[in-house]
Amino acid sequence: MKGKILRLLKENREKFLSGVSISRQLQVSRTAIWKYISVLRDDGYRIKSVAGRGYQLQTVPDLLTPLEIDDGLRTKVLGQQIKYFQEIDSTNRVARKLAQAGAADGLLVIAEKQKAGRGRLGRTWSSPSGGIWFSLILRPPLPPFKVQGLTLLTAVVAVETTALLCGLNVGIKWPNDLIVNGKKLAGILTEVSAEIERLHYVVVGLGLNANVSLSQLPAEVETIATSILAETKRPLRRAEWIQTFLQRFEAAYQEAVVNGFAEILARWRRYSITLGRTIVIHAGGKLITGRAVDINEQGALLVETKNGVETFWAGDVSLSND
Ligand code: BTN
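1. Quick look at the layout of surface pockets
It is the rolling of a water-molecule-sized probe over the atoms that shows where space remains empty.
Part 1 of the argument: Estimated volume of the largest pocket: approximately 1,000 Å³.
Part 2 of the argument: Looking at the largest pocket, it is lined by 46 residues, and the ones nearest its centre are Trp125, Asp177, Lys184, Val221 and Ile224.
Part 3 of the argument: A total of five residues in the lining of the largest pocket trace back to one element, the largest contributor, which is strand 8 (residues 183–194).
Part 4 of the argument: Of the residues assigned to the lining of the largest pocket, the class counts are 18 nonpolar, 18 polar and 10 charged.
Part 5 of the argument: Approximately 360 Å³ is the volume found for the second largest pocket.
Part 6 of the argument: Gln148, Thr151, Asn176, Thr190 and Trp313 are the residues nearest the centre of the second largest pocket, which is lined by 17 residues in total.

Below, the structure written as structure tokens:
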């Protein structure tokens, strides 16, 4: 009911809506409406009320509540179920637990803040309020060796969504760091539960420094990270970013499940800032220098080294200046 009242208020923002009219349209008492309005106000919606005229929505809070994400979301599966937390340790941890317990394909776990956000290779991921921190549960009909394609797909869709909504030129550093002007804007952590031949579930976790000011980040990343706010000086409508991301992700995902990841790989190559560059890759406890020449169909990086072309499945890449 709260959502229905909010939708009516949003649809009629240019005028006042009387309690009688809301009550008639939604078949609910005027006292109940008054209570829901007060709950919405507690959630951060500014709603003006004028005796004899009714209610008018003035401002909408920048929140990632199911109410905001669901309103206007055009997907069939992704984000049709949402678990929202104001604060949680890690959305990936929660998503894995829910997936283990049988949660549905497409369930979105989202938090305003994470206390113990997780990054790749066992690192921590700083997640203050204002960012976009979420995990998606997927149960794709794919063999386990194709899962890396989903990480590439996530990076590609995140780049395109950010370009579309913020006008930013975002590059991808292998395997899946989103980079703007040499600094990290977003990262992806994909976790999988599988047997050799059968995938149980995939959790795709995405962290995007959206409306985060750099001073909110720990000192050690302040100089190597950036945010949408720092780059554009304009706050992002985060719910809109998530809706656009989910819609585009669903379309690309359906395409890839049927036709394979060739199209995603082509888009990934277009956005890559790694390919063609001399890099140093830290993998398997060693530092190897070479020229990044391509990625293969499974997303592994092909590097031309003094020993010939070597394939890297995981690792940390730094780009050299030459
Ligand atoms: C990286 O190291 O680049 C990956 C960072 C992934 C962070 C996101 S934030 C939402 C989700 N929950 C987590 O604990 N981690 C991922």
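2. Considering the pairing of strand 5 (residues 132–138)
Part 1 of the argument: Burial of strand 5 is extensive: seven of the seven residues sit out of reach of the surface.
Part 2 of the argument: Burial along strand 5 is two-sided: Ile132, Phe134, Leu136 and Leu138 and Trp133, Ser135 and Ile137, pointing in opposite directions, are all buried.
Part 3 of the argument: Judged from the four bridges that link them, strand 4 (residues 108–114) and strand 5 form a sheet pairing that is antiparallel. Considered in strand 5, the bridge of Ile110 is made with Phe134.

3. Some words on the site of the ligand
Part 1 of the argument: Lining the immediate surroundings of the ligand are 20 residues, of which Ser90, Thr91, Arg118, Arg120 and Lys184 lie closest.
Part 2 of the argument: Within the side chain of Thr91, an N or O atom sits 3.0 Å from a nitrogen atom of the ligand.
Part 3 of the argument: Within the backbone of Arg120, an N or O atom sits 2.7 Å from an oxygen atom of the ligand.
Part 4 of the argument: Isolated, the ligand exposes 420 Å² of accessible area, and the fraction of that covered by the protein chains is 98%.
Part 5 of the argument: Applying the majority rule of atoms within 2 Å of the grid points places the ligand in the largest pocket.
Part 6 of the argument: Those elements that provide at least two residues to the shell around the ligand are helix 5 (91–100), strand 5, strand 8 and strand 9 (199–208).
Part 7 of the argument: A total of four residues in the shell around the ligand trace back to one element, the largest contributor, which is strand 8.
Part 8 of the argument: Residue composition of the shell around the ligand, grouped by class: six nonpolar, 10 polar and four charged.

4. Remarks on the sheet that holds strand 5
Part 1 of the argument: An order of 3-4-5-9-8-7-6 is seen for the seven strands of this open sheet, with the pairing classed as mixed. With partners counted over all chains shown, the strands left at the sheet margins are strand 3 (82–88) and strand 6 (171–173), one partner each. The mean angle between the axes of side-by-side strands here comes to 20°, regardless of whether they run parallel or antiparallel.

5. Points about the sheet that holds strand 12 (residues 301–305)
Part 1 of the argument: The sheet built from five strands is open, its strands ordered 13-12-11-10-14 with antiparallel pairing. At either margin of the open sheet sits one strand with a lone partner, and together these are strand 13 (308–312) and strand 14 (316–319). Each strand of the sheet is rotated relative to its neighbour by a mean of 45°, with strand direction disregarded.
Part 2 of the argument: The pairing of strand 10 (residues 278–283) with strand 11 (residues 286–295) spans six bridges and is antiparallel. Pairing of Thr278 across the sheet is with Arg291, part of strand 11.

6. Description of helix 1 (residues 2–11)
Part 1 of the argument: By the burial criterion, the buried members of helix 1 are Ile5, Leu6, Leu8 and Leu9. Viewed along the axis of helix 1, the buried residues span an arc of 160°, placing them on a single side of the element. The exposed set on the far side of helix 1, more than 90 degrees from its buried face, consists of Lys4 and Glu11.

7. Focus on helix 3 (residues 30–43)
Part 1 of the argument: Compared with the 20 Å implied by 1.5 Å per residue over 14 residues, the 20 Å span of helix 3 between its first and last C-alpha is a close match.
Part 2 of the argument: In this fold, the buried residues of helix 3 make contact with helix 1, helix 2 (19–26), strand 1 (46–50), strand 2 (54–59) and helix 4 (66–70).

8. With respect to the packing of helix 6 (residues 148–166) against helix 10 (residues 262–271)
Part 1 of the argument: Where helix 6 meets helix 10, the axes come as close as 9 Å, and the angle between the chain directions of the two elements is 55°. By the criterion of interaxial angle, the relationship of helix 6 to helix 10 is oblique. Crossing geometry of helix 6 relative to helix 10 is assigned as left-handed. Across from Gly149, Leu152, Leu153, Val156, Val159 and Glu160 in helix 6, the residues of helix 10 making contact are Ile264, Leu265, Arg267, Trp268 and Tyr271.
Part 2 of the argument: Looking at the contact of helix 6 with helix 10 residue by residue, the classes come out as eight nonpolar, one polar and two charged.

9. Examining the packing of aromatic side chains
Part 1 of the argument: Taken as a whole and judged by the stated rule, the model has four aromatic pairs.
Part 2 of the argument: Among the aromatic residues, those joined into a ring-pair cluster are Phe134, Trp241, Phe245, Phe249 and Tyr253.

Conventions adopted
Residues numbered from 1 in each chain as written. Predicted model: local features only at pLDDT ≥ 70, side-chain atom pairs only at ≥ 80, totals over all residues. Heavy atoms only, no water. 1 Å grid on protein atoms, 1.4 Å probe; cavity = no way out; pocket = protein on both sides within 12 Å on 5 of 7 lines; lining within 4 Å. Points joined across faces, edges and corners; volume = space filled by probe spheres on them. Helix = DSSP H or I, 4+ residues; strand = E, 2+ residues; numbered from the N terminus. Nonpolar A, V, L, I, M, F, W, Y, C, P; charged D, E, K, R; others polar. Buried < 20%, exposed > 50% of the residue type's maximum accessible area, 1.4 Å probe, protein only. Pairing = 2+ DSSP bridges. Near = heavy atom within 4 Å. Polar contact = N/O pair within 3.5 Å; in protein donor to acceptor, adjacent residues only side chain to side chain. Areas by Shrake-Rupley, 256 points an atom, 1.4 Å probe, with all protein chains shown as cover. Sits in = over half its atoms within 2 Å of the grid points. Axes fitted to C-alpha atoms, helices over the stretch in contact; angles between N-to-C directions. Arc of directions from axis to C-beta. Expected span 1.5 Å × (residues − 1). Contact = heavy atoms within 4.5 Å. Parallel < 35°, antiparallel > 145°, perpendicular 65-115°, else oblique. Left-handed = near helix turned anticlockwise from the far one by under 90°. Phe/Tyr/Trp six-rings, centres within 6.5 Å; stacked < 30°, edge-to-face > 60°.

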